[in-house]
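Given next are the chains, with one letter for each unit.
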Amino acid sequence: MLVATLIAANATSLSGDNMAALTEDDYIHAAHALAAKGLMVKNHEWIDKGKALDICIDGESDSGQGAMQSRIAGALSSFTDRCDIAVQYVAHREKSLFLSDMDSTMIGQECIDELADYAGVRDEITAITKRAMRGELDFAASLRERVAKLANLDEALVAECLHQRVTPNAGAKTLLATLRANNVHCLLVSGGFHHFADHIGADLGFHGVHANRLDVKGGKLTGGLIPPLFGAQSKADILMQIAAAKNIDYSNSLAVGDGANDLPMLDLAGLSIGYHAKPVVNEAVDFPLRHNDLSAILYALGIPSSEWQVIS
């Protein structure tokens with residue numbers, strides 16, 4: 001059995017403005033669209049009336065290849081302009097492990113681009129960042145190239161950048177507080193830097209943080225990183241290591257990211273989520289989150305807003 005969760009655009013907005021509310025007619029339309037693709041709808045249930053709807057669909061496990069999820073997502077494609085849609089197996093819906101990217105996922109900024117502004121090389125570094133996140137450049141090589149351009153920047157400006165420019169994305173605190181209340185182990189895994197990630201991780205409520213370390217000497221960035229470099233495969237490795245240590249099956253994990261360097265991690269996770277992500281990510285994940293904030297992930301887990309630990 002699979003469940004497709006339809007979440008109305010802006011359903012998680014605190015004001016509720018411009019919410020494209022779902023109706024019973026929408027369910028009927030969805031059921032017909034699924035049936036037209038040979039998919040059998042078993043039942044439906046509102047998580048939050050007008051905001052989030054579960055549609056249960058008959059289907060057997062496909063050994064993780066995603067064929068059934070793709071069929072269902074394709075059948076429901078007419079809803080994607082006004083809904084976020086998560087498709088997953090009901091048996092694996094309850095999660096125990098959560099991994100998240102930081103830059104442009106948990107926070108609204110790319111920290112290295114903000115630091116580049118202080119160093120006077122923002123345009124140059126931002127162009128490289130965009131290409132790396134689209135998967136057009138090797139992440140590790142592009143990161144070293146960008147960090148090298150920050151050589152001689154005062155370390156004090158890194159702290160200033162953190163406190164003046166870096167802000168959590170909407171729904172991040174509510175998501176983390178609610179996951180923790182449901183006994184989910186939460187890790188922040190970033191190709192960015194501990195100078196930022198340690199503070200963000202503690203502020204949002206992550207249990208642990210993994211990131212890169214900027215090399216600093218004499219109060220200035222050297223333009224290098226302290227090895228080992230924490231890159232795309234490192235994120236997947238952390239998922240494997242923690243899952244093994246805590247005896248958690250990969251199917252009981254979820255992960256969220258926005259860029260190509262998140263793909264190895266997302267590929268392993270039981271529920272993979274692209275948060276306002278690059279096309280290469282949205283094409284690969286179970287849950288492209290385009291219209292709502294991060295708290296919509298809780299709807300994908302079947303948690304109604306009455307059970308959220310709301311933190312603005």
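Please read these numbers as outputs of a predicted model, since none were measured by experiment. Here the residue numbering is sequential within each chain, running from 1 through the sequence in written order. At least 70 in pLDDT is required for a residue's local features to be given in this predicted model, at least 80 for side-chain atom pairs to be given and counted, and no such filter applies to totals for whole chains, interfaces and linings, which use all residues. As a rule here, side-chain values cover all heavy atoms of the structure and leave hydrogens and water aside.

**Q** Would you explain the side chain of Arg 146 in this entry?
**A** The topology assignment puts Arg 146 in helix H5 (residues 139–148). Contacts described as polar in this section are N or O atom pairs within 3.5 Å, which, within protein, must combine one atom able to donate a hydrogen with one able to accept it, while residues neighboring in sequence count only if both atoms come from side chains. Polar contacts involving the side chain of Arg 146 include one to the side chain of Thr 129, which spans 2.9 Å. Any two residues whose heavy atoms approach within 4.5 Å are treated as being in contact. Beyond its immediate sequence surroundings of up to four residues, Arg 146 is in contact with Ile 112, Ile 125, Ile 128, Thr 129, Ala 132 and Phe 139. The helix and strand labels rest on DSSP assignments: H or I over at least four residues marks a helix, E over at least two residues marks a strand, and numbering proceeds from the N terminus.

**Q** Mind showing me how you'd approach the pairing of strand E2 (residues 41–48) here?
**A** Note on strand geometry: in a regular strand, side chains alternate between the two faces of the sheet. The pairing criterion for strands is at least two bridges between them, as found by DSSP. Two strands pair when backbone bridges link them, and E2 and strand E3 (residues 52–57) are joined in this way by 6 bridges, in the antiparallel orientation. For His 44, the partnering residue across the bridge sits in E3 and is Ile 55. Taking the residues that link successive antiparallel strands as the turn, the E2-E3 hairpin has 3 residues, and the phi of Gly 50 there is positive, at about 80°.

**Q** Hey, could you run me through the environment of Asp 117 in this one?
**A** Turning to its location among the elements, Asp 117 is positioned in helix H3 (residues 111–119). Accessibility here uses a 1.4 Å probe with only protein chains present; expressed as a share of the type maximum, an area under 20% marks a residue as buried, one over 50% as exposed, and anything in between as partly exposed. Classification of Asp 117 by relative accessible area gives partly exposed; the value is 34%. Residues Asp 117 and Leu 150, spaced 33 residues apart in sequence, show a C-alpha to C-alpha distance of 9.8 Å. For Asp 117, the contacting residues outside a window of four places in its chain are Arg 122 and Arg 165.

**Q** Could you clarify how one ought to interpret the sheet that holds E2 in this entry?
**A** Across a sheet, strands are paired by hydrogen bonds formed along the backbone, either parallel or antiparallel in direction. As summarised here, the arrangement of the 4 strands in space is E2-E3-E1-E4, forming an open sheet in which the pairing is antiparallel. Lying at the two open borders of the sheet, with one neighbouring strand each, are E2 and strand E4 (83–89). Within this sheet the neighbouring strands show an average axis-to-axis angle of 20°, counted without direction. For helices, the fitted axis covers only the stretch in contact; all axes are lines through C-alpha atoms, and the angles between them, taken along N-to-C directions, range from 0 to 180 degrees. Strands E2 and E3 of the sheet are contacted by helix H1 (residues 24–36), whose axis makes an angle of about 145° with E2.

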